[in-house]
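These are the residues of each chain, in order.
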Amino acid sequence: MRMALYVRVSTQQQAQSQTIEQQLERLQAHCQAQQWSWQDVQIFRDEGGSSATLRRPGLDRLRDQAASGCFDQVIITAPDQLARKYVHQMLLIEELEGHGGPGPLAFSGP
């Protein structure tokens, strides 16, 4: 299965409390628990960008490639990784889920 992972930290404090690497470890553990191969994974990351805007380099690349059908699954730790505002989260989730695949969006959070 072709998977995309999206990870983000927006502030210096977040970068110290939950690093990109910790998020990736959590996502990898989730994939292993689901018995999904970790081989066909593309990682999209944004460091230091605000989730108040939908214009972030990593998120933009993820959206573009998802629209091109590059993935079967997009995995994030929580919806608030996509956007701060609930309405933006829902728009992005609908957009990503609209691009097909067996399960276009998965959350590894609690």
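Structural data are supplied above this passage.
Note that the structure is a prediction, hence the values are computed from the model and not measured.

Trainee: I would appreciate a short explanation of helix 4 (residues 86-97) in the present structure.
Mentor: An α-helical turn contains 3.6 residues, so any two residues separated by three or four positions project in the same direction. Spanning 12 residues, helix 4 covers 16 Å between terminal C-alpha atoms, matching the ideal 16 Å at 1.5 Å per step. For helix 4, the full list of buried residues reads His88, Gln89, Leu92, Ile93 and Leu96. In an axial view of helix 4, the angular spread of the buried residues amounts to 135 degrees, which keeps them on one side of the axis. Away from its buried face by more than 90 degrees, helix 4 exposes Tyr86, Val87 and Glu94.

Trainee: Honestly, the pattern of salt bridges in this entry has me stumped. Any pointers?
Mentor: It is possible for side chains bearing opposite charge to pair when their charged atoms get close. Across all of its chains, the model carries 4 salt bridges by this definition. The salt bridge involving glutamate 47 is made with arginine 45; its shortest N-O contact spans 4.0 Å. A salt bridge links aspartate 60 to arginine 55; the shortest N-O distance between them is 3.5 Å. By relative accessible area, aspartate 60 is classed as buried at 16%. When its relative accessible area of 62% is taken as the criterion, arginine 55 is described as exposed.

Trainee: Help me understand helix 2 (residues 20-33) in this model?
Mentor: Between its first and last C-alpha, helix 2 extends 20 Å over 14 residues, near the 20 Å set by a 1.5 Å rise per residue. Residues of helix 2 that are buried: Ile20, Gln23, Leu24, Leu27, His30 and Cys31. Buried positions in helix 2, seen along its axis, are confined to an arc of 120 degrees and lie on one side of it. Structural note: helix 2 exposes Glu25, Gln32 and Ala33 on the side pointing more than 90 degrees away from its buried face. Glutamine 35 sits one or two positions beyond helix 2 and adopts a positive phi of about 60 degrees.

Trainee: For this particular structure, what's the right way to read the nonpolar core?
Mentor: If you look at soluble globular proteins, the nonpolar side chains tend to sit buried side by side. Membership of the largest hydrophobic core comes to 15 residues, with the highest contact counts inside it found for Tyr6, Leu62, Phe71 and Leu82. Setting aside residues no more than four positions away along its own chain, tyrosine 6 makes contact with Leu27, Phe44, Asp46, Arg56, Gly58, Leu59, Leu62, Ile75, Ile76, Gln81 and Leu82. One finds Leu5, Val9, Leu24 and Ile75 within the second-largest nonpolar core, a separate group that totals 10 residues.

Trainee: How do you make sense of the packing of helix 3 (residues 57-67) against helix 4 when you look at a structure like this?
Mentor: For any two helices packed against each other, the geometry comes down to the angle between their axes and how far apart the axes lie. The contact between helix 3 and helix 4 brings their axes to 9 Å, and the two run at 35 degrees. The handedness of the crossing between helix 3 and helix 4 comes out as left-handed. Side by side, helix 3 and helix 4 meet where Leu59, Leu62, Arg63 and Ala66 of the first sit next to Leu92, Glu95 and Leu96 of the second. For the contact of helix 3 with helix 4, a count of residues per class yields 5 nonpolar, no polar and 2 charged.

Trainee: Looking at this structure, how should I read the packing of aromatic side chains?
Mentor: The description of an aromatic ring pair rests on the distance of the ring centres and on the angle between the ring planes. According to the stated counting rule, one finds 1 aromatic pair in the structure shown. Seen in terms of ring centroids, phenylalanine 44 and phenylalanine 71 are 5.6 Å apart; in terms of plane orientation they differ by 85 degrees. Their pairing is edge-to-face. With a gap of 27 residues between them, phenylalanine 44 in strand 2 (residues 41-47) and phenylalanine 71 in the loop between helix 3 and strand 3 (73-76) connect regions that are remote in the sequence. Judged by relative accessible area, phenylalanine 44 falls into the buried class, the value being 4%.

Quick notes on the rules
Residues numbered from 1 in each chain as written. Predicted model: local features only at pLDDT ≥ 70, side-chain atom pairs only at ≥ 80, totals over all residues. Heavy atoms only, no water. Helix = DSSP H or I, 4+ residues; strand = E, 2+ residues; numbered from the N terminus. Expected span 1.5 Å × (residues − 1). Buried < 20%, exposed > 50% of the residue type's maximum accessible area, 1.4 Å probe, protein only. Arc of directions from axis to C-beta. Salt bridge = Lys/Arg side-chain N within 4 Å of Asp/Glu carboxyl O. Core = buried A, V, L, I, M, F, W, Y, C linked by side-chain atoms within 4.5 Å. Contact = heavy atoms within 4.5 Å. Axes fitted to C-alpha atoms, helices over the stretch in contact; angles between N-to-C directions. Left-handed = near helix turned anticlockwise from the far one by under 90°. Nonpolar A, V, L, I, M, F, W, Y, C, P; charged D, E, K, R; others polar. Phe/Tyr/Trp six-rings, centres within 6.5 Å; stacked < 30°, edge-to-face > 60°.

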